[in-house]
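# Working through the structure, step by step
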Amino acid sequence: MAAAKPTPTDSLSFCLAQLTAAAGEGPGGGKDTATSETPLGRALLVLRTRHVKAAGGIERFRAHGGLRPLLALLRRAAAADPAPPQASPGSAPSAVSAGPASPSGSAPSASSSSSPPARLRKTLDLGLSILANCCTEGACRAEVRRLGGILPLVTILQCVKTDSIQNRAARALGNLAMEPESCRDIHSAGAVPLLLESLTACQDSQCLQSVVRALRNLADSPQHRLALAQQGAVRPLAELLAATPDAALTSALVRALLELSRGCSRACAEQLSLGGGLGPLVSLASHPKRAVREATILTLANLCAQGLVRPALGNAGGVEVLLGELRRRRGPNGANPASQQPLVRAVCLLCREAINRARLRDAGGLELLMGLLGDSRARAWHPRVVAALGGFLYDTGALGRLQALGLVPLLTGQLCGEAGDEEEEGREAASWDFPEERTPERAEAGSFRSLRSWLISEGYVAGPGDISPDWSPERCPPPEPSEPSSPAPGPTSLQTPRTLCTPRRNPTTTTEEPWGREGPALLLLSRFSQVPDPSGALVTGPALCGLLAYVTGAPGPPNPRALRILARLTCNPACLEAFVRSYGAALLRAWLVLGVAPDDWPAPRARPALRSQHRELGEMLLQNLTVQAESPFGVGALTHLLLSGSPEDRVACALTLPFICRKPSLWRRLLLDQGGLRLLLTALTRPAPHPLFLFFAADSLSCLQGLMSPTVSPVLPPAIPLELDLFSPCLYEPLLGPAPVPGPDLHFLLDSGLRLPAQRATSATASPFFRALLAGSFVEAQMDLVPLRGLSPSAAWPVLHHLHGCRGCGAALGPVPPPGQPLLGSEAEEALEAAGRFLLPGLEEELEEAVGRIHLGPQGGPESVGEVFRLGRPRLAAHCARWTLGPGQCPRKRALALVGLVEAAGEEAGPLTEALLAVVMGAEAGGRGPSVDF
């Protein structure tokens, strides 16, 4: 059947004319509503079904001024309804009264407000439906607000208790609430109590959904969410959620609770818990519809912000639900990291109560938190995760599991990390294990809580329960008059039980320690350091580097807890071997005493100047290790490690001994008699077991030489000046003049064709080689021009000077290149080879002295040491060792020189070992050092 053609009575202008006439604003104004009901009803029906629902129809309706008569009609229709009972001063206004509505008040009951006539109900139904549809567009919402359309809707909601009319009024208010200004006006008009009344009285699902949606849209800001919670909007929603089987209504309720729980207030959490909504929410977390499931999970996450509801949430199974969802989102097919943020926050907040910590531990939450802590993409959440793990401070099983999962290196890495951008939690998010006290606090109670917290943090007691409640300022009896009074001023002084180990300092007089972002990490590390043997976790390279980086790199004074951790570790005998194996003692000395951190080696970085506090701390920690090493237990442990340990442990022990042993009998026996020193020297050319191994080794050898200084005086490299006036007179120079007296009777011919004058008798007596060459039976003895093959002029120059008796005239300095240029392949090496070939040991010594003067003197640097050692001369090798281990040498230059020596030695470690051993033992100083049996 073909659709009926529109008649002139269906046009928009005709419908608006009927609407205007019924509203009393047109030429036919003032007609009774009942007499024009039939044409009005037809006009309203056509407006709703044809004009408003058409494309662009709402805008045309608004442009033709349809909203004003529509709102006037709704006012007249509401006024035609039987009047409600006498309103209380806080009730919403009627349509006749133009006064403002109170935000709260009593609404008429269903029995006292009879149902409107059928035609009037139809008029309201159609008018409200058209208005609700129009309010789906922003321009219409703004005009309705400008025309004062909110108060009529509130009045209808108060006066007409028919489900269909309540449904459409709530839908219109919900659409209007999408604008912040309209939302504020709806709150001010007192619509919330009326919506809540409809929520409890209405039985129709569609009406309930509209009311729930209106409440959700009214929760558009923190202030409005708090106002809704304070007016009791959450509890009926929770009760309805627990009772309804309707899927659509359930979805609407979950969405509304999600909005109301954002920035969850105490009132919201209390009402949701009292309304029995926690169990249904947990059950809905496995809903087949994704939207319902995600809204439910986010609602549960929001509720975790209130400590009072977290235990009940855990009892309902919320811990497992949130952990499972976070684990799913962190999986390979999970959502982006931003969607994990509310769940991470919720899981961390759940760790504040003991009952939830137990559930989280049993559900695999520790592994999940450790995964977050080790994920660089979750760096912004790391401080929150560390604070959450602090809740397991006295859970021995959880601490053991966390240690096995590698918590300690992650914690030490957090000490110098960047602070996260997480917001601070309020007081209401505090642990509900200790509900806030409502009684006034006293000064004594604050002091007692400070003392209790200090005792717990330092490990003197395991928890708050270990201190008797009777031992508190409120319960402590006053001192007996017969007892002498304490010198400390008195009413706040505490009487300590005899069974309690009292610390040496008085916590009531000390200032509170700073609690920065590193506070939770240091608290956990302090707890780990208090176990009988913390070496496996804390005395490792990464853990020590993290602690030392924090101590030396903190912008202000470091937290004293970090210093106590280091002191506690160095005072623990169980950690001695770990400090030796991990090169911890050498690291303490390098970082704190010498100011060289691992990232400062080999290239120095711009760091704050070494402060005296760091040096004092390093010396104190090394002194603690010395006390442990020189105890009977320490002597046995070091002896066992040096003699029976693995090759790596033996080398580490030999390197560490000069730092922590001061008794001559101990270090002589271990390093000299039992071969520790030679073991260390032979390990220099092997692959380094530690990035700073050569730096540690150079420092260790220098310290050992210092230990031996009372009995051995090592020969220091002589400071040889370069001024010419200190040179001896030259005896060869007269032969080079134009008329020498006596004149030369011999010339040496070089490969370059240069002829060098000489005297046969003087040259023949200088060495056995030239005596056989010039005065023997060789043909050269009869020649006046004797060739010298394979000799350059620069290399021949010191040879001719030496043949004619020059000693120290400066000729030996000629072939030596300046510092920074290689010696291998240079004329200095050629001159040294010539001196050896011509059997001139004096010249060799003079040339070596010249090389040392230029390359190992004040102008030389650590990079020249390896170059000199590459010449392969024993005396120069000893000179290099003296320069490297000389007293007063810069630690960095010493280590760089040792690196150059090791590179120059290559696989041939023997010469380097012997040179260093000779310098350390003082054997080079004429054999004055003690004999060592290797």
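Summarised in this report is the structure supplied together with it. What you see is a predicted model; the values in this text were computed from it and never measured.

### Quick word on the overall build of the protein chain
Of regular secondary structure, the protein chain possesses 47 helices and 3 strands. The 934 residues of the protein chain split such that 49% are buried. Pairs at least 24 apart in sequence give 73% of the contacts found in the protein chain among residues at least 6 apart. Of the roughly 42000 Å² of accessible surface on the protein chain, a fraction of 55% belongs to carbon and sulfur atoms.

### Digging into the packing of aromatic side chains
Going through the model one piece at a time under the given rule, you end up with 8 aromatic pairs. Consider the rings of Y583 and F693, whose centres lie 6.1 Å apart with planes at 85 degrees: the pair is edge-to-face. One end of the pair, Y583, is in the loop between α31 (576-581) and α32 (584-593); the other, F693, is in helix α38 (residues 693-708), with 110 residues separating them in the sequence. In this structure Y583 comes out as buried when scored by relative accessible area, which is 4%. With a centroid separation of 6.2 Å and 25 degrees between ring planes, the pair formed by Y583 and F696 is classed as stacked. With a gap of 113 residues between them, Y583 in the loop between α31 and α32 and F696 in helix α38 connect regions that are remote in the sequence. F696 shares its class with Y583; the two are buried. Of the aromatic side chains, those joined through ring pairs into one cluster are F748, F769, F770 and F838.

### Re the nonpolar core
With 274 residues, the main nonpolar core has F61, L322, L389, I660 and F748 as its most contacted residues. Top element by residues in this core is α38. It accounts for 10 residues. For L389, the residues in contact, after removing those within four places along its chain, are L366, L369, M370, L373, L402, L407 and L524.

### Brief notes about the sheet that holds strand β2 (residues 755-758)
Strand order across the open sheet formed by 3 strands is β2-β1-β3, with mixed pairing between neighbours. Two strands close off the open sheet at either side, each with one partner strand: β2 and β3 (785-788). Taken pair by pair, the neighbouring strands of this sheet meet at an average axis angle of 30 degrees, ignoring direction. Where strand β1 (residues 746-750) and β2 come together, 4 bridges link them in antiparallel fashion. Residue pairing for β2: F748 is matched across the bridge by L756.

### Some remarks on the pattern of salt bridges
Between side chains of opposite charge, pairing is possible as soon as their charged atoms come close. A full pass over the atoms with the stated rule returns 28 salt bridges. Two residues, R328 and E325, come together in a salt bridge whose shortest N-O distance is 2.6 Å. On the criterion of helical spacing, the pair formed by R328 and E325 is a turn pair, its members being 3 residues apart in helix α19 (residues 318-329). When its relative accessible area of 7% is taken as the criterion, E325 is described as buried. R870 is the salt-bridge partner of E867, the closest N and O atoms lying 3.6 Å from each other. For E867, a relative accessible area of 22% corresponds to the partly exposed category. With a relative accessible area of 32%, R870 lands in the partly exposed category. One continuous salt-bridge network, built from bridges that share partners, spans E59, R62, E143 and R146.

### Description of the pairing of β3
Burial along β3 is one-sided: the residues V786 and L788 are buried and none of L785 and P787 is. Of the pairings in the sheet, the one linking β1 to β3 comprises 4 bridges and is parallel in character. By the bridge assignment for β3, L749 is matched with P787.

### Digging into unusual backbone geometry
Working note: non-glycine residues mostly have negative phi, and peptide bonds are mostly trans. Even without a glycine there, the phi angle at Y583 is positive, about 60 degrees. One non-glycine residue, L839, lies in the positive phi region at around 55 degrees. Looking at L839, the relative accessible area reads 44%, which means it is partly exposed.

### Overview of the side chain of S826
Structurally, the position occupied by S826 is in the loop between α41 (793-803) and α42 (827-837). The exposure class of S826 is buried, given its relative accessible area of 13%.

### With respect to the side chain of H224
Along the chain, H224 turns up in helix α12 (residues 222-230). Looking at H224, the relative accessible area reads 14%, which means it is buried. Setting aside its immediate chain neighbours within four residues, H224 contacts C183, R184, H187 and L218.

Calculation criteria
- Residues numbered from 1 in each chain as written.
- Predicted model: local features only at pLDDT ≥ 70, side-chain atom pairs only at ≥ 80, totals over all residues.
- Heavy atoms only, no water.
- Helix = DSSP H or I, 4+ residues; strand = E, 2+ residues; numbered from the N terminus.
- Buried < 20%, exposed > 50% of the residue type's maximum accessible area, 1.4 Å probe, protein only.
- Contact = heavy atoms within 4.5 Å.
- Areas by Shrake-Rupley, 256 points an atom, 1.4 Å probe, with all protein chains shown as cover.
- Phe/Tyr/Trp six-rings, centres within 6.5 Å; stacked < 30°, edge-to-face > 60°.
- Core = buried A, V, L, I, M, F, W, Y, C linked by side-chain atoms within 4.5 Å.
- Pairing = 2+ DSSP bridges.
- Axes fitted to C-alpha atoms, helices over the stretch in contact; angles between N-to-C directions.
- Salt bridge = Lys/Arg side-chain N within 4 Å of Asp/Glu carboxyl O.

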